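Close look at the chain arrangement
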Amino acid sequence: MVKKCLFTLLLLTTLFALVACAPDRPEEGKSENKDSGETNEKPDELTIWANDEEKHLEAVKSFAAKYEEKEGIKVNVVAKSMLDQLQELSLAGPEGKGPDLFLQPHDQIGNIVAQGLAEPLSLTEEEKSGYSKAAIDAVTYEYDGETNVYGAPAVIETYGIYYNTDIVKEAPKTIEDLQAILENYTDQSKDQYGFLMKPNDIYFAYPFFKNYGGYIFGGEPGEYDVTDIGLANEGAVKGGELFQSFFGKGKIPTSTTVDVVDGLFTEGKVGAVINGPWSIATYKEALGDKLKTAPFPDINGKPSSTFVGVKTWMVSYYSEHKDWAKDLALFITNEENLQEYFETAGELPPNTKALESIDDPIYEAFAEQIKSGVPMPSTPQMSQVWEPANNALQFIAEGEDVKPVLEEAVEQIKTKIEASGGTGQ
Amino acid sequence: MNGTADNHVSKNNHSPVIAMVLSILFAGLGQIYNRRFLKGVIFALVEVAFIVTMLDSINFGLWGLRTLGTIPGVDHSIRLLVLGVLSLIGIVILGSLYVFNVIDAKRQAQKIQTGWKPKKMRETIRDAYDTTFPYLMTFPGLILMIFVVIFPLLFSILLAFTNYDLYHSPPRNLVEWVGFDNFVNLVTVPIWQETFLSVFSWTIVWTVVSTTLQIAVGLFLALLVNDPRVKFKKLIRTILILPWAVPAFITILIFSAMFNDEFGAINRDIIIPLFGGEGIPWLSDPFYAKIAIIMIQTWLGFPFIFALFTGVLQSISKDWYEAADVDGGTRFQKFRHITLPHVLFATAPLLIMQYAQNFNNFNVIYLFNEGNPPIRGQNAGGTDILISWVYKLTFDTNNYSMAAVVSIIMGVIVSAFAFYQFRQTKSFKEEGEI
């Protein structure tokens, strides 16, 4: 037995040491210029991965058909959940089974670029001009000292106020209005609340900090300085104190969850909530004409800087027809198609003209809010921010001292970024 | 033997050593020397086929495994790692075939030397079929095992020795071997160390307390229901089995809503009316969250134990108890010396597996509160156990190599449970060993 083991071991090590020499690869492997190998010849077909949501697919398929008519290139639309796309792309891409175009939220860009899964688009000024500035900001990203646009924006979204006209007669203009609604109408014993929000979510609570001068990462959108975290500066503390004043006895309970917010609001027991356009259908069904929307109330005398999210079409690194893939992405997101997309799928277009032409009163508020929004940071280090920041908000809502809690959160974000290996760039 | 028949004597100079050496030189040569031509040719063909078709890819696989690629953007480290593991598996399979070939040549040569006369072709085939039938039948299962169990296992073990995280991800970047760095970091770098220790100790507490509690409750209820004075046994049993019948994730989500500090029924309709005050912070205080989650697991787990024990209790012969009555044994003595040894003896392996199961009980932790509430200064939540922490490491922070390290630690612990179970319980011993 021992002999046999030894023998196998010996065999393995010799194989490992002697046989495992570098394979013969084409010498140009190192210097190979990806573009030179490609021609701009028209491909027979392109593959795109669309989200597996029904309305969305319907719209994308219609664009694909139009593109085929226009250019004579067959477009295969594959339904693939947006959440699974990245992982599958990194597996299927090298095998040549990946798509030419895929759809991702812009805050994944840092992640995608770090793995090198997407190709920069190099849009001309003219090609950029159709999209709103917030959308282009969101898909711009700096890697290794080079700033590039990494996608063609397809959807833009942010959050605002939904209110029930039975309870709130007039939309709250400022955060003080909202506070008054909260204090006047809340009666915990009857499960009645003037205003409800989940405490531990920096996504929704960001304007409280941003409007007083707090920020997550320093630098410009897309060119973030991840060593500069502004969540515990003077402004952030002020914002945190304002945030704290919304929670506690007779106000918003600290254990509020999304289910509680949605449940009570659709029962008609809550005056106002914060949410994005993705909840329109649910709320509308429950409240009907009583439902109205408004931009996020002003904080510190300024329009609130809510987080803007952009879903964007990206060209795969593994695509063999990158120029045509880019052409298709621009086609899908032109003004006419984005307008059609809004009508079919009910998601806001990042095209300036298409956005302005919306006259549905429910959507208008969001279109308005987008103007003062800031893109969610797209660096991969952002994934280390959510948990500590959300936890800090929970502690603040529970009444702990704002300053030490925020300082601790920043400290924790820094160590987490370090532990994840993210300080390198 | 010598000299019984002249054609046997002539084979005395047939040397096993030559057969072995020939077989080592090239598969099948030894068999041909033994005059087993067909077998020899088949072995030789297999080796030729291997050299022609697979040598290159195995070489590439081993090279990839050693270097994990050298040119970023061209070499895909994770793919190379996968190919490398496959090559290793291939080498082991081929290596054992080769070893078999050598041993076979030697054995046969020895037999020929002692005067054994090769059988006819048909007999050989029939013999081979008879002896190898069980192996033939299990062969597909073995192949499946290799690719479904062994291959991913090797892959994830190897990952723990790399620096695979978001910033070292193909195709843009290469993954590198880092040896035991990850393991060392886990116990020395403060942020990992503190979290690991607190998560690990809570995992142990959780496993021991929740499983023991569910076994105790199950046993207690089984004893009660089994008492001859209890009427409507069937109905009571059905009711007690119900928590098992409802899908666990539904139960957990409902409990999670019921335990909500402000809106949940437990505080609102039980604690506050009965005891007054503010209610108990079930979801926001780590201590109470732990209590709540242990209670939920007890609720989910006891019906299985209850059903198990009920079955065993009915199989204990009444004679034992009658004998005890004659000797004047008390109720407790009867339980301690008759009932308990009986049920534990019969169910021990299953009970041990209950512990192993709870050790990795991801569902209840994640669905109840996602491992929350948060704890200041720690990068896992108050109720996070190792498995839910690994989930967060992998999916929230893309730190694959660290997740692999923690998975290995978990694997070792669960295997220890399993090993103990196999050693200590008689149920798994082979026939005749008892």
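Looking at an unreviewed UniProt entry, one finds chain B named Maltose/maltodextrin transport system permease protein and attributed to Radiobacillus deserti. Its UniProt record gives chain B a comment under Sequence similarities (unreviewed entry), which states: "Belongs to the binding-protein-dependent transport system permease family. MalFG subfamily." Of chain B, the UniProt comment under Function (unreviewed entry) reads exactly: "Part of the ABC transporter complex MalEFGK involved in maltose/maltodextrin import. Probably responsible for the translocation of the substrate across the membrane."

Where an unreviewed UniProt entry is consulted, chain A appears under the name Extracellular solute-binding protein, with the organism given as Radiobacillus deserti. You can read under Sequence similarities (unreviewed entry) in the UniProt record for chain A the words "Belongs to the bacterial solute-binding protein 1 family."

Right, let's talk about the overall build of chain A for a bit. Along the backbone of chain A there are 17 helices and 15 strands. Taken over 425 residues, chain A has a buried fraction of 54%. Expressed as a percentage of contacts within chain A between residues at least 6 apart in sequence, the contacts between residues at least 24 apart total 77%. Carbon and sulfur atoms form 49% of the exposed surface of chain A, whose accessible area is close to 18,700 Å².

Another point: the sheet that holds strand β13 (residues 291-294) of chain A. All names here are of chain A. Pairing in this open sheet of 4 strands is mixed, and the strands run β9-β12-β8-β13 from one edge to the other. For this open sheet the edge positions go to β9 (193-196) and β13, each flanked by a neighbour on one side alone. The average angle at which neighbouring strand axes cross in this sheet is 20°, direction not considered. In this sheet, strand β12 (residues 270-275) lies alongside β9 in parallel orientation, the contact comprising 3 bridges. The partner of L196 across the bridge, within β12, is V273. Where helix α7 (residues 175-185) meets the sheet, its contacts fall on β8 (160-164), β9 and β12, and the angle it forms with β9 comes to roughly 135°.

Quick look at the interface of chain B and chain A now. Residue-level contacts link 46 residues of chain B with 58 residues of chain A. When chain B packs against chain A, close to 4,400 Å² is buried across both sides, 57% of that on carbon and sulfur atoms. In this assembly, chain B and chain A are joined by 1 salt bridge. Linking chain B with chain A are 4 residue pairs in polar contact (both at pLDDT 80 or more). Listed by contribution, the elements that provide at least two residues to the side of chain B that touches chain A are α5 (55-67), α6 (77-113) and α9 (190-226) of chain B. For the side of chain B that touches chain A, the residue count by class is 19 nonpolar, 15 polar and 12 charged.

Turning our eyes to something else, we now look at the nonpolar core. Counting 135 residues, the largest nonpolar core has F195, M197, F208, F246 and W313 of chain A as its most contacted members. Excluding residues that lie within four positions of it along the chain, M197 of chain A makes contacts with F204, A205, F208, F243, F247, I252, T256, V261 and I274 of chain A. Membership of the second largest hydrophobic core comes to 27 residues, among which are A160, F161, W389 and V390 of chain B.

A full pass over the atoms with the stated rule returns 20 salt bridges over all chains. A salt bridge links R268 of chain B to D191 of chain A, with the nearest nitrogen and oxygen atoms 2.9 Å apart. Note that R268 of chain B is positioned in helix α12 (residues 265-275) and D191 of chain A in the loop between α7 and β9, a pairing that runs across two chains. For R268 of chain B, a relative accessible area of 33% puts it in the partly exposed group. Taking the relative accessible area as the measure of exposure, D191 of chain A reaches 13% and is therefore buried. The partner of E368 of chain A in a salt bridge is K371 of chain A, with the nearest N and O atoms 3.6 Å apart. Here E368 of chain A falls in the partly exposed class, since its relative accessible area comes to 43%. We classify K371 of chain A as exposed; its relative accessible area is 63%. Through salt bridges that share partners, K42, K70 and E71 of chain A make up one connected network.

All names here are of chain A. Where burial is concerned, most of β8 is hidden: 5 out of the 5 residues are buried. Bridge analysis of β8 against β12 gives 4 bridges, and the strand direction is antiparallel. Within β12, the position partnered with Y163 by the bridge is A272. Two strands pair when backbone bridges link them, and β8 and β13 are joined in this way by 4 bridges, in the antiparallel orientation. Within β13, the position partnered with N164 by the bridge is L291.

Under the definition given, this model contains 42 aromatic pairs over all chains. Centroid distance F161 of chain B to F180 of chain B: 5.1 Å. Interplanar angle 85°. Geometry classified as edge-to-face. Residue F161 of chain B is located in the loop between α7 (121-159) and α8 (181-188), and its partner F180 of chain B is located in the loop between α7 and α8; the two are separated by 19 residues in the primary sequence. An aromatic cluster of at least three residues, connected via ring pairs, comprises F255, F259, W282, F287, Y288, W299, F302 and F368 of chain B. Directly above the ring of Y317 of chain A sits K322 of chain A, whose terminal nitrogen or CZ lies 5.8 Å from the centroid. Over the ring of W202 of chain B we find K290 of chain B, and its NZ or CZ is 5.0 Å from the ring centre.

With that settled, consider helix α10 (residues 233-245) of chain B. When the terminal C-alpha atoms of α10 of chain B are compared, their 18 Å separation across 13 residues agrees well with the 18 Å that a helix rising 1.5 Å per residue should span. Of the surrounding elements, those touching the buried residues of α10 of chain B are α9 and α13 (286-314) of chain B.

The topology assignment puts D323 of chain A in helix α12 (residues 322-332). For the pair D323 of chain A and L103 of chain A, spaced 220 residues apart in sequence, the C-alpha to C-alpha distance is 17 Å.

Attention shifts here to the packing of helix α11 (residues 248-258) of chain B against α13 of chain B. All names here are of chain B. The geometry of α11 relative to α13 is characterised by a closest axis approach of 11 Å and an angle of 150° between their N-to-C directions. With respect to each other, α11 and α13 are oriented roughly antiparallel. Along this stretch, α11 crosses α13, giving a crossing that reads as right-handed. Residues A248, T251, I252 and F255 of α11 form the contact with α13, whose participating residues are I296, W299 and L300. Here the contact of α11 with α13 is built from residues that sort into 6 nonpolar, 1 polar and no charged.

Parameters and conventions
- Residues numbered from 1 in each chain as written.
- Chains lettered and ligands numbered in written order.
- Predicted model: local features only at pLDDT ≥ 70, side-chain atom pairs only at ≥ 80, totals over all residues.
- Heavy atoms only, no water.
- UniProt positions renumbered as here; feature names shortened; annotations may be inferred.
- Helix = DSSP H or I, 4+ residues; strand = E, 2+ residues; numbered from the N terminus.
- Buried < 20%, exposed > 50% of the residue type's maximum accessible area, 1.4 Å probe, protein only.
- Contact = heavy atoms within 4.5 Å.
- Areas by Shrake-Rupley, 256 points an atom, 1.4 Å probe, with all protein chains shown as cover.
- Pairing = 2+ DSSP bridges.
- Axes fitted to C-alpha atoms, helices over the stretch in contact; angles between N-to-C directions.
- Buried area = accessible area lost by both parts, 1.4 Å probe.
- Salt bridge = Lys/Arg side-chain N within 4 Å of Asp/Glu carboxyl O.
- Polar contact = N/O pair within 3.5 Å; in protein donor to acceptor, adjacent residues only side chain to side chain.
- Nonpolar A, V, L, I, M, F, W, Y, C, P; charged D, E, K, R; others polar.
- Core = buried A, V, L, I, M, F, W, Y, C linked by side-chain atoms within 4.5 Å.
- Phe/Tyr/Trp six-rings, centres within 6.5 Å; stacked < 30°, edge-to-face > 60°.
- Lys NZ or Arg CZ within 6 Å of the ring centre and 35° of its normal.
- Expected span 1.5 Å × (residues − 1).
- Parallel < 35°, antiparallel > 145°, perpendicular 65-115°, else oblique.
- Left-handed = near helix turned anticlockwise from the far one by under 90°.

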